[in-house]
Amino acid sequence: MKLVPRPASTLILLRDSAAGPEVLMLQRTQSAVFLGGAYVFPGGSIDEADADPRILKRVRGEAKVPPAPYWVAAIRECFEEAGVLLLDGVDAARAESLMRYRQRPFVELLENEDLYIPANALAYYGHWITAPGRPRRFDTRFFLAVAPEGQIGSHDAVETVHDVWITPREALERGARNEIELVPATQTTLQDLKSFKTAREAFDAVRSRPEPEVNRACWAQGKDGAKLFRSADPQYCEIHWSDPEETGETTYDLAPGVPKRLDRYVTRIIAPNPGVMTGPGTNTYLVGQGDLAVIDPGPAIDSHIQLLLSETKNRLRWILCTHTHMDHSPAALALKAATGAQVLGRPAPEGQSQDATFKPEFVLESGQRVQLGEMSGAIGLRAIHTPGHASNHLCYLLEQTKMLFTGDHVMQGSTVVINPPDGDMRAYLHSLEKLLGEDLAIIAPGHGYLVGAPHKELRRLIAHRLGRERKVVCALQQLGEASVDELLPIVYDDVPARIHRVAARSLTAHLDKLATDGAVRAAGERYTLVESKTKEA
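Residues numbered from 1 in each chain as written. Predicted model: local features only at pLDDT ≥ 70, side-chain atom pairs only at ≥ 80, totals over all residues. Heavy atoms only, no water.

## Side note on the overall build of the protein
Working step 1: When helices and strands are counted, the protein shows 15 helices and 27 strands.
Working step 2: In terms of overall dimensions, the protein has C-alpha extents of about 85 × 65 × 45 Å along its principal axes.
Working step 3: A separation threshold of at least 6 residues defines the contact pool for the protein, and within that pool the share at least 24 residues apart is 61%.
Working step 4: Working note: accessible area of the protein is about 24100 Å², and carbon and sulfur atoms make up 51% of it.
Working step 5: Mean positive and mean negative side-chain charge positions of the protein (60 and 69 charges, respectively) differ by 1 Å. (Helix = DSSP H or I, 4+ residues; strand = E, 2+ residues; numbered from the N terminus. Contact = heavy atoms within 4.5 Å. Areas by Shrake-Rupley, 256 points an atom, 1.4 Å probe, with all protein chains shown as cover. Lys, Arg positive; Asp, Glu negative; His and termini not counted. Charge placed at Lys NZ, Arg CZ, Asp CG, Glu CD.)

Below, the structure written as structure tokens:
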């Protein structure tokens, strides 16, 4: 039976010291069922009493996300486990006098002493859910607070056996030397906190952040056996999408020629064309439940085409392409010949890198919907024109699940090449911004794993491209006048030299955009900043 995680709260307490901010850490007793012997922040399960209306009416300030009982539990557990009382109007002397309430119902303390919970003294920091397989699982919300002045705290000698104020950096160093045990959630938190110079700086920074994303470690199977994945791993979002019940039976491998069921509508088959530009290979997607559509049939490789025909079993009715680069559309011709399926997309522009064999029977315009089946309630794919990587590029939104098939507009693991003249950086950025207006749940890219948090990823890509553009301007300010070859090692100093020739295409696209914007002047193969823009910079 699946173990449902118990709601819990943790409070990260920070105080200033000569060495920088320190955190209060407690060592759990070795006999503890959960995290025995580990050094943790004060915290524990939410009690039914944390939702007591008598307590909730004593919460001052905003405590809506997460719900108020999490905030109550954070302060209550910190008092019970660590002896630190974070309540309005309680100084160190009064806190000491109130220690008699430490093992009594929290509501008694609040009502008898007429005290209030200051929600504004806490910042919602993180959300971690214990991985499946442990004897106990917790759905824990992490909060951060500046420790009340003069309150040192102490372990409870029951659940915890040692307490220490320690800088995040020292805690990590001791953990690396195996002097103390730190679980991944604690390590990640300490890594984040070690860069702050004061406790207040850390608190203000956390308060200004958007709502934290869930960190829910997950298991999956592959050629190296069962492995555990966390939110920073590229496989993480795909595992959760394809295994929502957390069975641990989905695969983490990107294996060409091995169909993977991503959800009830979509199966991915990776073409056997790995490379620097294609990663493990081109992702071909089969979409539907009865009649099927294929999105990006991929290169015209016989084994790949035969596998697609075998998997679709005479049910292939539509062939859609995101664009006509040679790793995405050439197999459409053979699939059409074998099945008679309707070919949809946009015609190939001129150019050696384009698939001249792609001849759509229906040219899709942005916003047009392809209904996969004639029954009411049939699933639909909506085309979104996204020029930039290619002028004829389309993304397809599966409206029922909000999965967006992005071809080479968004790729997992790398940024795409923008290769003029058909590639256009200005158009690419505009297309990324257009997608921010769509309701998206997951990205199914042309290469790599599914990508979660679509809007966050889109904003990251926009920021990355604009950051690269600023490096182009700075390089031109430094050099005065330069060619692409002269700019490359400066603008792409964070990219291995072996792929500078590829990066030169995107650099040219940046320069073309800056020229269109009026910021750069091109004279043959040399570029200079326009004077007025130089002065503004």
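## Observations concerning the sheet that holds strand 23 (residues 403-407)
Working step 1: Strand order in the open sheet formed by five strands is 20-21-22-23-24, with mixed pairing between adjacent strands. The open sheet has two edge strands, strand 20 (369-371) and strand 24 (442-445), and neither has a second partner. Mean inter-strand twist for the sheet, computed between neighbouring axes without regard to direction, equals 25°.
Working step 2: Pairing of strand 22 (residues 394-398) with strand 23 involves three bridges; the strand directions are antiparallel. Each residue of the ladder has a partner; that of Leu398, found in strand 23, is Met403. (Pairing = 2+ DSSP bridges. Axes fitted to C-alpha atoms, helices over the stretch in contact; angles between N-to-C directions.)

## Details of the packing of helix 9 (residues 302-312) against helix 10 (residues 331-339)
Each pair of packed helices gets described by two things: the angle between the helix axes and the distance between those axes.
Working step 1: Their axes nearest at 10 Å, the elements helix 9 and helix 10 cross at an angle of 40°. Comparing their axes, helix 10 and helix 9 come out oblique. Relative to helix 10, the crossing made by helix 9 is right-handed. Contact with helix 9, carried on its side by Ile305, Leu308 and Leu309, involves Ala331, Ala334, Leu335, Ala338 and Thr339 of helix 10 and no other residues of that element.
Working step 2: A per-class count over the contact of helix 9 with helix 10 returns seven nonpolar, one polar and no charged. (Parallel < 35°, antiparallel > 145°, perpendicular 65-115°, else oblique. Left-handed = near helix turned anticlockwise from the far one by under 90°. Nonpolar A, V, L, I, M, F, W, Y, C, P; charged D, E, K, R; others polar.)

## Quick look at the pattern of salt bridges
Working step 1: In total, this model carries 40 salt bridges according to the counting rule given.
Working step 2: In this structure, Asp114 engages Arg58 in a salt bridge whose closest nitrogen and oxygen atoms are separated by 3.1 Å. Pair noted here: Asp114 is in the loop between helix 4 (106-112) and strand 6 (117-118) and Arg58 is in the loop between helix 1 (53-56) and strand 5 (59-60), with a separation of 56 residues, a long-range link.
Working step 3: Overall, Asp114 belongs to the partly exposed group, its relative accessible area being 46%.
Working step 4: With a closest N to O distance of 3.9 Å, Arg200 and Asp204 form a salt bridge. Taken together, the positions of Arg200 and Asp204, both in helix 7 (residues 199-207) and four residues apart, correspond to about one turn of that helix.
Working step 5: Classification of Arg200 by relative accessible area gives partly exposed; the value is 45%. (Salt bridge = Lys/Arg side-chain N within 4 Å of Asp/Glu carboxyl O. Buried < 20%, exposed > 50% of the residue type's maximum accessible area, 1.4 Å probe, protein only.)

## A look at the environment of Ala49
Working step 1: Tracing the backbone shows Ala49 in the loop between strand 4 (43-45) and helix 1.
Working step 2: Overall, the relative accessible area of 44% leaves Ala49 in the partly exposed class.
Working step 3: Here the alpha-carbon distance between Ala49 and Ala515, two residues 466 residues apart in the chain, equals 64 Å.

## What to know about the nonpolar core
Working step 1: Residues Leu11, Leu13, Leu87, Phe106, Leu109, Ile117 and Leu122 are the most contacted members of the largest nonpolar core, which totals 37 residues.
Working step 2: Elements with a minimum of two residues in this core: strand 1 (6-15), strand 2 (22-28), helix 2 (68-82), helix 4 and strand 8 (138-146).
Working step 3: Here Leu109 is in contact with Phe79, Leu85, Leu87, Leu98, Tyr101, Asp114 and Leu115, once residues within four sequence places are set aside.
Working step 4: Membership of the second largest hydrophobic core comes to 25 residues, among which are Leu14, Met25, Leu193 and Phe196. (Core = buried A, V, L, I, M, F, W, Y, C linked by side-chain atoms within 4.5 Å.)

## Side note on unusual backbone geometry
Working step 1: Val65 connects to Pro66 through a cis peptide bond whose omega is -10°.
Working step 2: By the element assignment, Pro66 lies in the loop between strand 5 and helix 2.
Working step 3: At the junction of Pro420 and Pro421, the peptide bond is cis and its omega measures out at 10° in the coordinates.
Working step 4: Look at Glu246: it is not a glycine, yet its phi comes out positive at around 60°.
Working step 5: Structurally, the position occupied by Glu246 is in the loop between helix 8 (236-242) and strand 13 (260-261).

## Here we look at the packing of aromatic side chains
Working step 1: All chains considered together, the criterion is met by four aromatic pairs.
Working step 2: With a centroid separation of 5.2 Å and 55° between ring planes, the pair formed by Phe229 and Tyr252 is classed as tilted. Note that Phe229 is positioned in strand 12 (residues 227-229) and Tyr252 in the loop between helix 8 and strand 13, a separation of 23 residues in sequence.
Working step 3: When its relative accessible area of 3% is taken as the criterion, Phe229 is described as buried.
Working step 4: Residue Tyr252 is classed as buried on the basis of its relative accessible area, which comes to 4%. (Phe/Tyr/Trp six-rings, centres within 6.5 Å; stacked < 30°, edge-to-face > 60°.)

## Section: the environment of Asp204
Working step 1: Residue Asp204 is classed as partly exposed on the basis of its relative accessible area, which comes to 42%.
Working step 2: In sequence terms Asp204 and Ala145 are 59 residues apart; their C-alpha atoms lie 9.8 Å from each other.

## So, the pairing of strand 24
Working step 1: Burial along strand 24 is two-sided: the residues Ile442 and Ala444 and Ile443 and Pro445 are all buried.
Working step 2: Where strand 23 and strand 24 come together, four bridges link them in parallel fashion. Looking at the pairing, Phe405 lines up with Ala444 of strand 24.
Working step 3: Considered for its hand, the β-α-β crossover made up of strand 23, helix 11 (residues 425-435) and strand 24 is right-handed. (Right-handed = clockwise from strand over helix to strand, strands pointing away.)

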